[in-house]
Amino acid sequence: MIFGQKTNSIRRRLIVQLSLIAAILSFAFYLIVRVVAETAATETQDNILAASATSIADALYSERGLVNLELPYSALSMLGSISQDRVFYRIIVDGETLTGYGDLPQPASPIAADPVFSTFVFRGEEVRSVAITRPVSSGGQAVNTTTIVAQTRLGLATISSRISATAAAVGFGFFLFAIGLSLLAAQSALSPLRRMTQSIQRRGPHDLSPVKAALPSELVPLVGALNNFMNRLRSSLAQSEDFVAEAAHRVRTPLAIVRTRAEIALRGMEKPSDKKALREMIRAVDESSRSAGQLLDHAMVTFRTDNLLAKNFDLGELTRDTCEHLSPTAGLKDISLLLEIPDKPYPFVGDPILLQNALRNILDNAIKYSPADSEIIIKLTRDKTTEISFGDQGRGFGAADLGGLTKRFSRGENVADIVGSGLGLTIADVVARAHQGHILIRSNPEGSGACVSLILP
Amino acid sequence: MRFAYFALSLFFAMLMPLRLAAFEIEDSIFYPATDGLVTLQIISTADANVFEPIILEFQQNNPTINIQYVIASSTELMKAIHEEAAVFDLAISSAMDLQTKLANDGFAQTYTSNATETLPGWAIWRDQIFAFTQEPAVLIISDAAFAGMTPPETREDLISLLRDNPEIFDGRIGTYDVRISGAGYLFATQDSRNSDSYWRLTEVMGRLNAQLYGGSGDMIRDVASGELALAYNVVGSYASSRLAEFPDLRIVRFSDYVNVMLRTALIPKNAENPVEAGLMIDFLAELNQRPELTELTSLPPINPAQLRENSAARPIRLGPGLLVFLDRLKKQNFLKNWVSSMEQE
């Protein structure tokens, strides 16, 4: 299980596998160098031995019917020049030892045109030997002579151990270097993955657009699947928004009919209890109609923030329009809207329809929660940021979590007696964020009630 | 110097009942140490009076080591170790060829120490043979005999000189009898390798009835006495040690080439005290740090700088090349040629 977790990292797996490959290659390198070096050293020794034996064989001559030898000084001294190895030689004529070490063994196949090399132990040490067989004319007839030269392999062992040590050091160095390179390779191979992760992490919470960055071909299927998934998610979200909007739209028309009928019925009613019941019914229908309107607003806002307009308009005018639009509703409750908007232009770039929607929802909320015969003060100020605040004289927010009020379908704690959907502030918040602004909710600094501000950059 | 060896071998037989001393020795001297615990058995070709200062100084530094110093000729030394497996801890010989053969044939032990590592490459072979002196082969002349003549500088000069003045040199030339002297054979074979003039020189000396000697000492004595006009291939260190004694003696170093013989030591395979033998080898390898011993023994220690200064000096190379002249046929042919050159009618 631990092992499984370990290999879960592609990077670690890459490094481990590359290191393993490097280790195998380094070891193979070491073995190959060793074998090649030893072969080369053996060949060198063989060549010198053969040269030595040849020069001895060349020095064989016949004198008065007997084979004689003038052993050349260089024949043995050349063997001493490459290493400090022990040297043995033996000259056999017609099966009899002419001179040299009589116990030096003969090769198994004594008759051969080419030098015969062999390795054996002689006088307690491993020796390499060469034997050259050739006829020498003696007393009118050819006699067979065999020249054997042998040398211990101390020098060879020294050379091969030195080469082995060098090969081992180089192999190890190569291994370390390869590990370093595999770290870099793993890093670079995984960097597109890291870049992609970062670019997805940097996205906003509603950004479901496809990933379009340049990608290595191996990641294309994964990103394709991800894009596909996001596409489905987006269309499914859009579908449900559409569904809600459609549902709200369809509910509103029958509700309007029900309200008209109820009002007509109210005029014909005599009994106060019946009148009261009908009035309550009308109020409930009003609230339902308003909620449906807000749902429609929300769907519209969601749609428009995805493709935000950038239009130049005047914020002051927009605010005044919105207030004027809602003043009949305020009038019903004898609420006066006091505008404190300086008479100068407040140019702004954004989506005026969205912003008007946001302002209308905030003001609508304020009217709804204000007591009859009270005031709502609407202020527009601009220094670094632009703030449009709506201060009412209502009951305020009590102990509610102020930040949580902008969540969808979330309502204050002290509003149980008032019908509401909890969508108003959410809509305002979505619009504010789409314009890089936010909603500020606090208790009214000027007396009782609440103050909701839309703050824009 | 040659003593009857019978009594001595009897003495040895009593000392070491198992040893069969079939080889011939010249002398055996026991040097007790102050706190002697072990006895280092040395077999050597060097005379006791030459080597004694080294032994005494060594024992000063190693007061627990007694030394049995056995003197034998180089061929007897070879016989003792190669054929008879006599037990010695150290074999010291001037016969480089025989020492090389001992090591080549597996009769020597490998030994390494800080001291042996300071030796130059040509003074060591297989970490088994260690040279501790460099002794040139020189010509010694009698000033009286050479009155009015320029001493020769090269072998060619010597040949012309001998040819031009037979009346002075007839019967008054000394050289080694290479048939009986190991050092003489070594010098002669190296000469034959180094230069073609050697055989002509031998013939000229033979024609002038050269006297043949078994050792350098007798040649020096006879040149000093005026009996000989010159002696060829004398071990230089012996000659220099006698210069004060014989003012008439002069040493000539040839400028064509000078063979330099290396006196070497090795630890035989069957040594009983190899550790103490190693101490002695270290001591010998560092002889160049003891000028007082050089003075006492006249043995010139290993000194590569001195060889570099004298470009004619050629240290005889240790190694398998030396085995060539030990080859039965090679030696037979060489001696045959030498005899026919030296003893012409």
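Everything below is about the structure shown above.
As the structure is a computational prediction, the values presented were derived from the model and not from experiment. (Residues numbered from 1 in each chain as written. Chains lettered and ligands numbered in written order. Predicted model: local features only at pLDDT ≥ 70, side-chain atom pairs only at ≥ 80, totals over all residues. Heavy atoms only, no water.)

Draft legend 1. Quick peek at the overall build of chain A. What chain A contains, in helices and strands, is 9 helices and 14 strands. Over its C-alpha trace chain A gives a radius of gyration of 52 Å, far above what one expects of a compact globule, namely 23 Å for 457 residues. Looking at chain A as a whole, 40% of its 457 residues qualify as buried. Carbon and sulfur atoms make up 59% of the accessible area of chain A, which totals about 25,200 Å². For chain A, the separation between the mean place of its 47 positive charges and that of its 45 negative charges on side chains is 4 Å. (Helix = DSSP H or I, 4+ residues; strand = E, 2+ residues; numbered from the N terminus. Rg over C-alpha atoms; globule rule 2.2 N^0.38 Å. Buried < 20%, exposed > 50% of the residue type's maximum accessible area, 1.4 Å probe, protein only. Areas by Shrake-Rupley, 256 points an atom, 1.4 Å probe, with all protein chains shown as cover. Lys, Arg positive; Asp, Glu negative; His and termini not counted. Charge placed at Lys NZ, Arg CZ, Asp CG, Glu CD.)

Draft legend 2. Representation of the overall build of chain B within the structure. Across its full length, chain B holds 16 helices and 12 strands. In terms of overall size, chain B behaves like a compact globule, its C-alpha atoms giving a radius of gyration of 20 Å where 345 residues would be expected to give roughly 20 Å. Expressed as lengths along the three principal axes of its C-alpha atoms, the size of chain B is roughly 60 × 40 × 35 Å. Burial status across chain B gives 59% buried among its 345 residues. A fraction of 79% describes how many contacts in chain B between residues 6 or more apart in sequence connect residues 24 or more apart. Summed over all atoms, the accessible surface of chain B reaches about 14,000 Å², with 51% contributed by carbon and sulfur. If you average the places of the 26 positive and of the 43 negative side-chain charges in chain B, the two averages end up 7 Å apart. (Contact = heavy atoms within 4.5 Å.)

Draft legend 3. Representation of the pattern of salt bridges. Inspection of the entire model under this criterion finds 31 salt bridges over all chains. Where Asp46(A) meets Arg128(A), a salt bridge forms, and the shortest distance between an N and an O atom there is 2.7 Å. With Asp46(A) in helix 2 (residues 10-58) and Arg128(A) in strand 6 (residues 125-138), this pair connects stretches of sequence that are 82 residues apart. Exposure class is identical for Asp46(A) and Arg128(A). Each is buried. A salt bridge links Lys79(B) to Glu76(B), with the shortest nitrogen-to-oxygen separation between them at 3.8 Å. Of this pair, Lys79(B) and Glu76(B) both sit in helix 3 (residues 74-83), 3 residues apart, roughly one helical turn. Each of Arg86(A), Glu125(A) and Arg126(B) takes part in salt bridges that share partners, so that together they form one network. (Salt bridge = Lys/Arg side-chain N within 4 Å of Asp/Glu carboxyl O.)

Draft legend 4. Spatial organisation of empty space enclosed by the protein. Residue and element names in this part refer to chain B. Applying the stated criterion to the full structure yields 4 cavities of 30 Å³ or more. Estimates place the volume of the second largest cavity at around 60 Å³. Lining of the second largest cavity is provided by Thr175, Tyr176, Val178, Gly184, Ala188, Tyr198, Met205, Tyr232, Asn233, Trp338 and Met342. For the lining of the second largest cavity, the secondary-structure elements that each account for two or more residues are strand 7 (173-176), helix 8 (182-194), helix 9 (197-207), strand 9 (230-235) and helix 16 (328-342). Per-class residue counts for the lining of the second largest cavity are 8 nonpolar, 3 polar and no charged. (1 Å grid on protein atoms, 1.4 Å probe; cavity = no way out; pocket = protein on both sides within 12 Å on 5 of 7 lines; lining within 4 Å. Points joined across faces, edges and corners; volume = space filled by probe spheres on them. Nonpolar A, V, L, I, M, F, W, Y, C, P; charged D, E, K, R; others polar.)

Draft legend 5. Structural detail: the environment of Ala50(A). Residues and elements named next belong to chain A. In this fold, Ala50 is placed in helix 2. Separated by 65 residues in sequence, Ala50 and Pro115 place their C-alpha atoms 6.8 Å apart. In this view, Ala50 contacts Phe117, Val130 and Ile132; residues no more than four positions away in its chain are not counted.

Draft legend 6. The arrangement of a positive patch on the surface in detail. All names here are of chain A. A cluster of basic side chains, namely Arg11, Arg12, Arg194 and Arg195, defines a positive patch on the protein surface. Of all the secondary structure elements, the ones that give two or more residues to the positive patch are helix 2 and helix 4 (154-201). For Arg194, the location among the structural elements is in helix 4. By relative accessible area, which is 41% here, Arg194 ends up partly exposed. (Patch = residues over 30% accessible without salt bridge, like charges linked within 9 Å, V, L, I, M, F, W, Y side chains within 5 Å.)

Draft legend 7. Main features of the interface of chain B and chain A. In this assembly, 23 residues from chain B lie in contact with 27 residues from chain A. Each partner contributes to the roughly 2,000 Å² buried at the junction of chain B and chain A, and carbon and sulfur atoms together form 45% of this total. The tally of links between chain B and chain A comes to 2 salt bridges. Summed over the shared surface of chain B and chain A, the number is 16 residue pairs in polar contact (both at pLDDT 80 or more). Every element with two or more residues in the side of chain B that touches chain A is listed here: helix 4 (96-104), strand 5 (124-125), helix 15 (321-324) and helix 16 of chain B. (Buried area = accessible area lost by both parts, 1.4 Å probe. Polar contact = N/O pair within 3.5 Å; in protein donor to acceptor, adjacent residues only side chain to side chain.)

Draft legend 8. Main features of the environment of Leu262(B). All names here are of chain B. Looking at the secondary structure, you find Leu262 in strand 11 (residues 258-266). Along the chain, Leu262 and Leu293 lie 31 residues apart, while their C-alpha atoms are 17 Å from each other. Apart from the residues within four sequence positions on either side, Leu262 is in contact with Ser93, Ser94, Met96, Trp122, Ala123, Ala131, Thr133, Gln134, Ile302, Pro315, Ile316 and Leu318.

Draft legend 9. Molecular detail of helix 2 of chain A. Compared with an ideal rise of 1.5 Å per residue, which puts 49 residues at 72 Å, helix 2 of chain A spans 70 Å between its outermost C-alpha atoms and is within 8% of the ideal. One side-chain oxygen of the residue at the start of helix 2 of chain A lies 3.3 Å from the amide nitrogen of Arg11(A), identifying that residue as Ser9(A). (Expected span 1.5 Å × (residues − 1).)

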